[in-house]
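Residue-level listing of the chains:
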Amino acid sequence: MTPPAISFAVGAMLTRADIPARCDDLAAVLRGEDGGVVVCDVSRACPDVVTIEALARLRVTARRHGWRLVVSGAGAGLLELADLLGLTDALFQPARQPEQREQAGGVEEVVDARDPPA
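Cut-offs applied
Residues numbered from 1 in each chain as written. Predicted model: local features only at pLDDT ≥ 70, side-chain atom pairs only at ≥ 80, totals over all residues. Heavy atoms only, no water. Pairing = 2+ DSSP bridges. Helix = DSSP H or I, 4+ residues; strand = E, 2+ residues; numbered from the N terminus. Right-handed = clockwise from strand over helix to strand, strands pointing away. Salt bridge = Lys/Arg side-chain N within 4 Å of Asp/Glu carboxyl O. Buried < 20%, exposed > 50% of the residue type's maximum accessible area, 1.4 Å probe, protein only. Axes fitted to C-alpha atoms, helices over the stretch in contact; angles between N-to-C directions. Contact = heavy atoms within 4.5 Å. Arc of directions from axis to C-beta. Parallel < 35°, antiparallel > 145°, perpendicular 65-115°, else oblique. Nonpolar A, V, L, I, M, F, W, Y, C, P; charged D, E, K, R; others polar. Expected span 1.5 Å × (residues − 1).

Draft legend 1. Up close: the pairing of strand 2 (residues 37–41). By the bridge criterion, five bridges tie strand 1 (residues 5–9) to strand 2 in an arrangement that is parallel. For Phe8, the partnering residue across the bridge sits in strand 2 and is Cys40. With respect to chirality, the unit in which strand 1 leads through helix 1 (residues 19–30) into the neighbouring parallel strand 2 is right-handed. When strand 2 meets strand 3 (residues 68–72), the two strands line up parallel, connected through five bridges. For Cys40, the partnering residue across the bridge sits in strand 3 and is Val71.

Draft legend 2. Examining the pattern of salt bridges more closely. Enumeration over the complete set of coordinates arrives at three salt bridges. The shortest N-O distance in the salt bridge between Arg16 and Glu53 comes to 2.7 Å. Placement of the pair is Arg16 in the loop between strand 1 and helix 1 and Glu53 in helix 2 (residues 49–64), with a sequence separation of 37 residues. Judged by relative accessible area, Arg16 falls into the partly exposed class, the value being 47%. Where salt bridges share partners, they join Arg16, Glu53 and Arg57 into one cluster.

Draft legend 3. Representation of the sheet that holds strand 1. Taken in spatial order, the three strands make up an open sheet running 1-2-3, and their pairing is parallel. Lying at the two open borders of the sheet, with one neighbouring strand each, are strand 1 and strand 3. Taking each pair of neighbouring strands and ignoring which way they run, the sheet shows an average axis angle of 25°. Contacting strand 1, strand 2 and strand 3, helix 1 crosses the sheet at an angle of about 160° to strand 1. With respect to the sheet, helix 2 is in contact with strand 1, strand 2 and strand 3, its orientation differing from that of strand 3 by roughly 145°.

Draft legend 4. Structural view of helix 3 (residues 76–84). What helix 3 keeps buried is the set Leu78, Leu81 and Ala82. On an axial view of helix 3, the arc spanned by its buried residues comes to 100°, and they lie on one face. Looking at helix 3, the residues exposed on the side facing more than 90 degrees away from the buried face are Ala76, Glu80, Asp83 and Leu84. Gly86 lies just past helix 3 and shows a positive phi near 75°.

Draft legend 5. Main features of the packing of helix 2 against helix 3. At their nearest, the axes of helix 2 and helix 3 sit 10 Å apart, and the two run at 75° to each other. Taken together, helix 2 and helix 3 sit at an angle that is classed as roughly perpendicular. Where helix 2 abuts helix 3, its residues Val49, Thr51, Ile52 and Leu55 lie against Leu78, Leu81 and Ala82. Broken down by class, the residue content of the contact of helix 2 with helix 3 amounts to six nonpolar, one polar and no charged.

Draft legend 6. Highlighting helix 2. For helix 2, with 16 residues, the first-to-last C-alpha span of 23 Å sits near the 22 Å given by 1.5 Å per residue. Three or more residues of helix 2 are buried, namely Val50, Thr51, Ile52, Ala54, Leu55, Leu58, Arg59, Thr61 and Ala62. Positive backbone phi, approximately 80°, marks Gly66, located one or two places after helix 2.

So, in structure tokens, the structure goes:
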């Protein structure tokens, strides 16, 4: 079963003072809903530090309500800035669910008799 998804957009002219209100808007939408995915559209957002901060705080807001935030529409400038700040992995996770890993077949661990016991 696919988890529910909600679309949420970050505006083009976002200021630092707007961030708490945007987080409150998202919290109001998510409150009382079962967990799912929030698809946050940043295609119109300016590639600046304020947008990165907004995404980080929106991600925390979504997580507090049991939802996962996925960013869509990020341009090269925003991706480069997130990379420069070291936040690419934290903000731009893939939209799919992680797959369950299986152990590779035909692989055996070799034990060296000279290794000390664990």
